[in-house]
Amino acid sequence: MTRTSATVTQIRNATLLVDYGGVRFLVDPMLADRHALPGFPGTVNSNQRNPMVPLPVPISEIVDVDAVIVTHLHEDHWDQAARDALPRDKPIFTQNDADAEVIRHQGFTDVRALTESSEFDGVRLLKTGGRHGTETHYEAIGDVLGDVCGVVFSHPDEKIVYLAGDTVWNDEVASAVARHCPDVVILNAGYAMIEGIDGGIIMGTDDVLEVHKAAPQSRLIASHMEAINHCTLTREKLRAFAEANDFAHCLRVPEDGEPTGF
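Residues numbered from 1 in each chain as written. Predicted model: local features only at pLDDT ≥ 70, side-chain atom pairs only at ≥ 80, totals over all residues. Heavy atoms only, no water.

### Some remarks on the sheet that holds strand β14 (residues 259–261)
For clarity, the threshold we go by: Two strands make a pair as long as DSSP finds a minimum of two bridges between them. Put simply, DSSP marks the helices as runs of H or I at least four residues long and the strands as runs of E at least two long, and each gets a number from the N terminus on. Here an angle of 0 to 180 degrees is reported between the N-to-C directions of two axes, which are lines fitted to C-alpha atoms, with helices fitted over the stretch in contact.
Spatial ordering of the open sheet is given by β6-β5-β4-β3-β2-β1-β14, a layout of 7 strands whose pairing is mixed. Because the sheet does not close on itself, it has two edges, and the strands there are β6 (111–113) and β14. Across the sheet, the mean angle separating the axes of adjacent strands is 20 degrees when strand polarity is ignored. The sheet contact formed by strand β5 (residues 92–94) and β6 spans 3 bridges and is parallel. Bridging from a neighbouring strand, F93 pairs with R112 of β6.

### Observations regarding the pattern of salt bridges
As a reminder of what qualifies: Criterion for a salt bridge: a side-chain nitrogen of Lys or Arg within 4 Å of a carboxyl oxygen of Asp or Glu.
Per the stated rule, a full pass over the model turns up 10 salt bridges. As a salt-bridge pair, E255 and R235 come within 3.8 Å of each other at their nearest N and O atoms. In this pair, E255 is assigned in the loop between β13 (251–252) and β14 and R235 in helix α7 (residues 235–244), connecting sequence segments 20 residues apart. Ionic pairing is found between R239 and E255, a salt bridge with its closest N-O pair at 3.0 Å. Of this pair, R239 sits in helix α7 while E255 sits in the loop between β13 and β14; the two residues are 16 residues apart in sequence, bridging distant segments of the chain. Several salt bridges converge on common partners, so that one network encompasses E226, R235, R239, E255 and D256.

### Points about the sheet that holds strand β9 (residues 150–154)
Within a sheet, each strand pairs with its neighbour through backbone hydrogen bonds, oriented either parallel or antiparallel. On the basis of which strands lie adjacent, the open sheet formed by 7 strands has the order β7-β8-β9-β10-β11-β12-β13 and mixed pairing. Among the strands making up the open sheet, the edge pair consists of β7 (118–120) and β13.

### Let's talk about the layout of surface pockets
In plain terms, the rule: Using only the protein atoms, space was sampled on a 1 Å grid; points where a 1.4 Å probe fits but cannot get out form cavities, open sets with protein on both sides within 12 Å along at least five of seven lines form pockets, and lining residues are those with an atom within 4 Å of a point. Grid points are joined across faces, edges and corners, and a volume is the space filled by probe spheres set on the points.
Its boundaries defined by the atoms lining it, the largest pocket holds a volume of some 280 Å³. Contributing to the lining of the largest pocket are 17 residues, with F40, T43, H74, V144 and I194 lying nearest its centre.

### Comments concerning the side chain of K90
Short version of the rule: Using a 1.4 Å probe on the protein chains alone, a residue whose accessible area is under 20% of its type maximum counts as buried, one over 50% counts as exposed, and one in between counts as partly exposed. Positive charges are assigned to Lys and Arg, negative charges to Asp and Glu, while His and the chain termini are left out of the count. Residues count as neighbours in contact if any of their non-hydrogen atoms are within 4.5 Å of one another.
As for its placement among the helices and strands, K90 is situated in the loop between α2 (80–85) and β5. No salt bridge is formed by the buried K90. Its closest oppositely charged neighbour is D64, at 6.0 Å. Among all residues touching K90, those that are not within four sequence positions of it are V63, V65, D66, A67, V68 and D110.

### Remarks on the pairing of strand β8 (residues 123–128)
Both β7 and β8 contribute to a ladder of 3 bridges, which runs antiparallel. Looking at β8, one finds that S118 is bridged to L125. Of the strand pairs in this sheet, β8 and β9 are connected by 5 bridges, and their pairing is antiparallel. Counterpart to L126 in the pairing with β9 is V152.

### Focus: the packing of aromatic side chains
What counts, and what does not: Any Phe, Tyr or Trp ring, taking Trp's six-membered ring, that has another such ring centre within 6.5 Å forms a pair; planes under 30 degrees apart are called stacked, those over 60 apart edge-to-face, and the others tilted.
Counted under the stated rule, the structure contains 6 aromatic pairs. Centroid distance F93 to F120: 5.9 Å. Interplanar angle 85 degrees. Geometry classified as edge-to-face. Of this pair, F93 sits in strand β5 while F120 sits in strand β7, and the two are 27 residues apart along the sequence. The buried category is assigned to F120, whose relative accessible area is 9%. With 6.2 Å between their ring centres and 80 degrees between their planes, F241 and F247 make a pair best called edge-to-face.

### Points about the nonpolar core
For the record, the criterion: Only buried Ala, Val, Leu, Ile, Met, Phe, Trp, Tyr and Cys residues count toward a nonpolar core, and they belong to the same one when joined by side-chain atoms within 4.5 Å.
Ranked by internal contacts, the top residues of the largest apolar core, which has 25 residues, are Y162, L187, L220, L238, F247 and L251. Secondary structure elements with two or more residues in this core: α5 (171–180), β11 (184–188), α6 (205–214), β12 (219–223) and α7. Contact partners of Y162, with chain neighbours within four places excluded, come to T128, G129, V151, V152, V173, A176, V177, P182, V184, V185 and I186. Within the second largest apolar cluster, 22 residues are counted, among which are V18, Y20, F25 and I221.

Pasting the structure below:
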């Protein structure tokens, strides 16, 4: 891939390439072959194998990056194929020391926990909070959902980018939007669902609309769609919802392999 500045390239699921401030970041790599993994047990459509679609570009191009960001350790954000493909000395940023220690035990030698003052090659990486579902979800399966994070990217020569991560709309997301006034907000918007519990464990249409209301000046980029068994919101439906609610001009819903510049 040709390196360009200030571009987010949708790879598959939540896996992104973020070219920003002259640095290329790989976010939440899930690099398994199509149908290599079982569906997530206890989720909707768990009979379908993951990932449901192939990678749009060769793995060698995806891992040709300067650093990696792993927002949390769920299999659809950090899988064995990614661990096998990445060089062991590649810088990796995690949400906390606990996740960093897990990845060190997996053989990686340069693992760093994100803070509010992390920096890499001139790009500031500020950790933000999130919630991987509703309170009902956490009461039922909080040990599985665990902690998650987002990241704000900033650089003197670039627009501010907020990657929200695996979260629903909540006070922490609202706070991050209000505090950082991002120009670009990347949302995991596949509305992943657990069997028997109403609502999503990542954003759906209503969550995306709330982000738009909170940040009407921001460009929204939707990710984490149409690749994993429990994601129920399609690109087509999200685009149609944005049209019906008058914010399609602010929303990009890229296909796998598609870059979005800003």
